[in-house]
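# Working through the structure, step by step
The residues making up each chain are set out below.
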Amino acid sequence: MDEKGNMKTAPVDGIGQSLKNKAENINGLLAGFLPKEGGEQATVISSVNYSVNAGGKRLRPILLIETNILCGGGGMEDPLVAAFAAAIEMIHTYSLIHDDLPAMDNDMYRRGKLTTHAKYGEAMGILAGDALLNLAFETASSALAKEGEPKRVLAGAKALSILSVKSGLWGMLGGQSVDVEKTGQSLKEGTLDFIYRLKTGALLEAAVMVGGVLAGIKEEEVKLLENMGGAIGMAFQIQDDILDVTGNDEVLGKPTHSDEKNNKTTYVTMHSVEEAKEAVKQLTGEAVRILLKFDKKRGRDANFLIGLVELLSERES
């Protein structure tokens, strides 16, 4: 899309394959940070590695790395960027493990495979999630400890702060807590937006913000990226709501109608599928307009990120 909401002249054909290639690169990156199998903690280590290696789009680390490149950074070639990219995927995976637990959504399958608690038991599922959260910050902070240049250390410390806030009480975890508490209740739209902005949006905000911060951009640009990440997150969650109603189990790799089963209010139940699709379109346009500002200001090609955002708005899984 251009600044007026029209599709850019350069098509985003091939973005799906490019995304798969980048996801494979992330898989290779993660392998270098995951614990070795065996030892006295063999079961929890196995559950951690199983969970991370279960697949997925690797959206958050890709957003972090590609935003870093757009903002003038070194991408995955930068050890600090690589460590933060691995860390944010670990945090995302921990959140999925806990989200699937019997006390939460009680899902037995994700990405077409048994969820962690279904394979290893509930207690080990809890511990695997806890382990990944700690391993994420160990990974990021260990890379930061190796930095010697003051500006890099300061940028890394700021990135670490963003990651901790956006994944914690004032971010993803806070949104999840309200979602759990309000399940089965009639929600106001403001409450639903709050849940989505934190539960799904916060970690996507963190991804693009950390990518920019590690590239050394200014505070006002970081704020723009936060707004972009928030728009992507809202669009992503609303698209999830749509797919829960219109998708199928085989394509999604998890049960559909889960929200209905858990008596959850969603954007679709509050509005309609058509209104939800329109909201996704508007939010996607908002994210693209911000990317175009960086494209124009930095003189760097934002086509991949624009194509990715547009692809997410049309995804079927």
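As a starting point, this report considers the structure included with it. On a predicted model such as this, the values are computed, not experimentally measured, just so you know.

### What to know about the packing of helix H4 (residues 79–99) against helix H8 (residues 172–182)
For the pair H4 and H8, the least separation of the axes is 12 Å and the interaxial angle reads 15°. In this view, H4 runs roughly parallel relative to H8, as classed from their interaxial angle. Considering how the two elements wind past one another, H4 and H8 form a crossing that is right-handed. Two secondary-structure elements touch here, H4 through Ile91, Tyr94, Ser95 and Asp99 and H8 through Met172, Leu173 and Gln176.

### Details of helix H3 (residues 59–70)
Given 3.6 residues per helical turn, the α-helix brings residues three or four places apart onto the same face. Given a rise of 1.5 Å per residue, 12 residues ought to cover 16 Å, and the 16 Å separating the end C-alpha atoms of H3 matches this to within 8%. Counted residue by residue, H3 has 11 buried out of 12 residues, so it is predominantly covered. Residues Leu59, Arg60, Pro61, Ile62, Leu63, Leu64, Ile65, Glu66, Thr67, Asn68 and Leu70 constitute the buried set of H3. Once H3 finishes, Gly72 follows within two positions and takes phi at roughly 100°, a positive value.

### Observations concerning the pattern of salt bridges
Side chains that carry opposite charge are capable of pairing whenever their charged atoms lie near each other. Within this structure, the stated rule accounts for 15 salt bridges. One salt bridge connects Glu66 with Lys22, and the closest N-O pair in it is separated by 3.0 Å. Of this pair, Glu66 sits in helix H3 while Lys22 sits in helix H1 (residues 15–31), placing them 44 residues apart in sequence. With a relative accessible area of 14%, Glu66 lands in the buried category. Using a relative accessible area of 22% as the deciding quantity, one classes Lys22 as partly exposed. Lys166 serves as the salt-bridge partner of Glu205, at 2.6 Å between the closest nitrogen and oxygen.

### Some points on the packing of aromatic side chains
Two aromatic rings, taken as a pair, are described by how far apart their centres are and by the angle between their planes. Using the criterion set out here, one finds 1 aromatic pair in the structure. Relative to Tyr120, the ring of Tyr50 lies with its centre 5.7 Å away and its plane at 65°, an arrangement referred to as edge-to-face. Of this pair, Tyr50 sits in helix H2 (residues 42–52) while Tyr120 sits in helix H5 (residues 116–120); the two residues are 70 residues apart in sequence, bridging distant segments of the chain. Overall, Tyr120 belongs to the partly exposed group, its relative accessible area being 23%. Above the plane of the ring of Tyr50 lies Lys119, whose end atom (NZ or CZ) is 5.3 Å from the centre.

The rules behind each value
Residues numbered from 1 in each chain as written. Predicted model: local features only at pLDDT ≥ 70, side-chain atom pairs only at ≥ 80, totals over all residues. Heavy atoms only, no water. Axes fitted to C-alpha atoms, helices over the stretch in contact; angles between N-to-C directions. Helix = DSSP H or I, 4+ residues; strand = E, 2+ residues; numbered from the N terminus. Parallel < 35°, antiparallel > 145°, perpendicular 65-115°, else oblique. Left-handed = near helix turned anticlockwise from the far one by under 90°. Contact = heavy atoms within 4.5 Å. Expected span 1.5 Å × (residues − 1). Buried < 20%, exposed > 50% of the residue type's maximum accessible area, 1.4 Å probe, protein only. Salt bridge = Lys/Arg side-chain N within 4 Å of Asp/Glu carboxyl O. Phe/Tyr/Trp six-rings, centres within 6.5 Å; stacked < 30°, edge-to-face > 60°. Lys NZ or Arg CZ within 6 Å of the ring centre and 35° of its normal.

Treat this as a map of the structure, not an account of what it does.
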